[in-house]
Amino acid sequence: MPPSSLTPTDVARAFDPSRLEQARRLRAMTKADMHRLVGVSAAAIGQYERGEIVPRAETISALAAALDVPISFFTLGRPAVRVEVAQASFRRLRSTTVGQQQQATAYAELVWELSRYLEEYVEFPDVDLPDWAQSESDDAPDPVSAAQLMRSYWKLGTEPIPHLVYQLEQHGILTVLFSMKEDELDPKRKIDAFSISSLPRPIVVLTPDKADDVLRHRFSAAHELGHIVLHHGRHGTDSQMERDADTFAAEFLTPRDTIQNELPRRINLARLDDVSQRWGVSIHSLLYRCKELEFISDSTYRRAWITLNAVKPTTHSIRDFPGERPELMKNALALLDEDGTPLADVAADLRVSVKTVRRLADIDEPAAPRLSLVRSSDDGDRRQADPINPHSEQEGGTAMSNRSSISGRFISNAAAARHPRTSVTESGANRTSATQHRSAITGHYITPAAAARHPHTSVTENKKK
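Calculation rules
- Residues numbered from 1 in each chain as written.
- Predicted model: local features only at pLDDT ≥ 70, side-chain atom pairs only at ≥ 80, totals over all residues.
- Heavy atoms only, no water.
- Helix = DSSP H or I, 4+ residues; strand = E, 2+ residues; numbered from the N terminus.
- Buried < 20%, exposed > 50% of the residue type's maximum accessible area, 1.4 Å probe, protein only.
- Contact = heavy atoms within 4.5 Å.
- Areas by Shrake-Rupley, 256 points an atom, 1.4 Å probe, with all protein chains shown as cover.
- Core = buried A, V, L, I, M, F, W, Y, C linked by side-chain atoms within 4.5 Å.
- Phe/Tyr/Trp six-rings, centres within 6.5 Å; stacked < 30°, edge-to-face > 60°.
- Lys NZ or Arg CZ within 6 Å of the ring centre and 35° of its normal.
- Pairing = 2+ DSSP bridges.
- Axes fitted to C-alpha atoms, helices over the stretch in contact; angles between N-to-C directions.
- Parallel < 35°, antiparallel > 145°, perpendicular 65-115°, else oblique.
- Left-handed = near helix turned anticlockwise from the far one by under 90°.
- Nonpolar A, V, L, I, M, F, W, Y, C, P; charged D, E, K, R; others polar.
- pLDDT = per-residue confidence, 0-100.

### Observations concerning the overall build of the protein chain
Assigned secondary structure in the protein chain consists of 19 helices and eleven strands. Here the protein chain holds 465 residues, and the buried ones make up 47% of them. A separation threshold of at least 6 residues defines the contact pool for the protein chain, and within that pool the share at least 24 residues apart is 65%. Within the structure as shown, the protein chain displays about 23700 Å² of accessible surface, and the carbon and sulfur contribution to it stands at 51%.

### Describing helix α13 (residues 283–292)
Counting along an α-helix, one turn takes 3.6 residues, and residues three or four places apart therefore face a common direction. By the burial criterion, the buried members of α13 are Ile 283, Ser 285, Leu 286, Leu 287, Arg 289 and Cys 290. Each element contacted by the buried residues of α13 is listed here: α9 (214–231), α10 (239–253), α11 (256–259), α12 (269–279) and α14 (298–311). Remark: Glu 294 follows α13 within two positions and exhibits a positive phi of approximately 65 degrees.

### Quick word on the nonpolar core
Counting 61 residues, the largest nonpolar core has Phe 74, Leu 118, Phe 194 and Met 329 as the members making the most contacts within it. Leave out the neighbours within four places in its chain, and Leu 118 touches Phe 124, Met 329, Ala 332, Leu 333 and Leu 336. Phe 219, Ala 221, Val 275 and Trp 279 belong to the second-largest nonpolar core, a separate cluster that totals 45 residues.

### Regarding the packing of aromatic side chains
One pass over the structure, following the stated rule, counts eight aromatic pairs. An angle of 45 degrees between the planes, with centres 5.7 Å apart, marks the rings of Tyr 301 and Trp 305 as tilted. Taken together, the residues Tyr 301 and Trp 305, both in helix α14 and four residues apart, mark about one turn of the helix. The exposure class assigned to Trp 305 is partly exposed, which follows from its relative accessible area of 30%. An aromatic cluster of at least three residues, connected via ring pairs, comprises Phe 15, Phe 73 and Phe 74. Its guanidinium or amino end placed over the ring of Phe 73, Arg 78 lies 5.2 Å from that ring's centre, counting from NZ or CZ. Geometry around Phe 252 places Arg 151 over its ring, the cationic atom sitting 5.8 Å from the centre.

### Focus: the pairing of strand β3 (residues 203–206)
Here β3 shows a buried face lined by Ile 203 and Val 205 and a second buried face lined by Val 204 and Leu 206. As judged from the four bridges shared by strand β1 (residues 174–177) and β3, these two strands associate in the parallel manner. The partner of Leu 174 across the bridge, within β3, is Ile 203. In this sheet, β3 lies alongside strand β2 (residues 193–196) in antiparallel orientation, the contact comprising four bridges. For Ala 193, the partnering residue across the bridge sits in β3 and is Leu 206.

### A few points about the side chain of Glu 113
Following the sequence through the fold, Glu 113 ends up in helix α6 (residues 98–119). Here Glu 113 is in contact with Arg 19, Gln 22, Arg 78, Pro 79, Ala 80 and Leu 350, once residues within four sequence places are set aside.

### Thoughts on the environment of Ala 28
Considering the arrangement of structural elements, one finds Ala 28 in the loop between α2 (17–26) and α3 (31–38). The spatial distance from the C-alpha of Ala 28 to the C-alpha of Gln 101 is 8.8 Å, given a sequence separation of 73 residues. The contact partners of Ala 28, leaving out residues within four places of it in the chain, are Asp 33, Gly 99 and Gln 103.

### Some remarks on the environment of Leu 272
Note on placement: Leu 272 falls in helix α12. Take Leu 272: its relative accessible area is 0%, and that puts it in the buried class. Between the alpha carbons of Leu 272 and Leu 286 there is a distance of 7.0 Å; along the sequence they are 14 residues apart.

### With respect to the packing of α6 against helix α16 (residues 343–350)
Packed helices, taken two at a time, are described by their axes: the angle between them and the distance between them. α16 packs onto α6 with a crossing angle of 120 degrees between their chain directions and a minimal axis gap of 11 Å. One finds that α6 runs oblique with respect to α16. Where α6 crosses over α16, the two elements pack in a sense that is right-handed. In contact with Glu 113, Leu 114 and Tyr 117 of α6, α16 contributes Asp 345, Val 346, Asp 349 and Leu 350. Within the contact of α6 with α16, the residues separate by chemical class into four nonpolar, no polar and three charged.

### With respect to the sheet that holds β3
Taken together, the three strands give an open sheet; going across it, the order is β1-β3-β2, and neighbouring strands pair in mixed fashion. The sheet is open, and its two edges are formed by β1 and β2, each paired on a single side. Across the sheet, the mean angle separating the axes of adjacent strands is 15 degrees when strand polarity is ignored. Relative to the sheet, α9 contacts β1, β2 and β3, its axis offset from that of β2 by approximately 25 degrees.

### Looking at the confidence of the model for the protein chain
For the protein chain, per-residue confidence averages 82 on the pLDDT scale, and residues scoring 70 or more make up 74% of the total. For the protein chain, per-element mean pLDDT is lowest for strand β4 (residues 394–395), which scores 40, and highest for helix α7 (residues 143–153), which scores 97. For residues 404–409, every residue scores under 50 in pLDDT, and the model assigns this stretch 14 contacts once sequence neighbours within four places are set aside. A low-confidence stretch, residues 426–434 stays under pLDDT 50, and its non-local contacts, those more than four residues away or across chains, total 27 contacts.

Encoded structure:
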């Protein structure tokens, strides 16, 4: 039976408790949140998720509405994976709540499901890592040596890497970029970037939620590559692992044997800005590199850091740099579409919404259609617009003397006649003399017909040129 034709009763018969728990994590909701939205107790939500009882059909509909998923999402019958928070390399655990971490890993699970689905039809690049970087290896070199070896293994030389995310994807590392914010005003999302190397194909998750800055984004991608090749799935709260990944990223992006010839020996922010643009790393990172290479003292570094924070260098959005946006899954979906499997079918097979697939594959939402008024046959007697009058808008070369009291825009006579209660008839200083009618209750101008229907609640005003 197609997922779209499933009824709540059908879903109840094939209910998968783990999918309810996953959907709740995707929305970063607690059981108490679900209680308030659905009307069943938090204890009952827990029983549903543990498989102790099956929700009734009407409850399934309420759960799907609260969690913004199709009801078919809750059904058995498709591959799934569970990613624990301890398996993900969150860069700053202290700044993220448990709910946010669980939300991020739930998204990573869907990334795995989408990639697995796509790999059944589209050939992805093989994972291309040296033996010492494999998940079963216990012989990783130090971070600086690892970065140098990775550059050599991928034949990147010692010059700047122009498209870092492209390189990750070409060597089989699944990289995704999406926001976990519910809307633009959501200030709570603190997830910066994380990676998962415990799955057959390593995954790097990047997000603009904390800072939509391409230079920070590139460093985050290199940092997560460091986790993948150095730590082999051993993640957690170890601050030393974070420092190792930072050291790896700095050497991978700016090899010391090359960058030391370009860095100033005295603080020169203009010079650092030039180097920043050439190498694709932030001035803050280069400033730290100067201190690390002992070109400047700790006190000079601190003063320069304070100055730099006061200046606030210009940032550039990730979305302005196509080579730093993941393309692998987006291109795979495009290939499927060309082959006759549109995005809606992929979403239906995965039992998620089209919006979710777009988010996971970093596909921009289609632009909203532009609406315009349809000219009707009874608009033929409208006057030509006066080009001198700045308040006169035209439609089909005809003057618009009626203004919508909802949108504030001029509308056609026919539209005003159809909606007399939401339109104002105007004649300004540059129009011919006319009689205007104003509602004594609302203060808005109304049509002559409306004034005639309500003579006791309207005011007639005469205005001449």
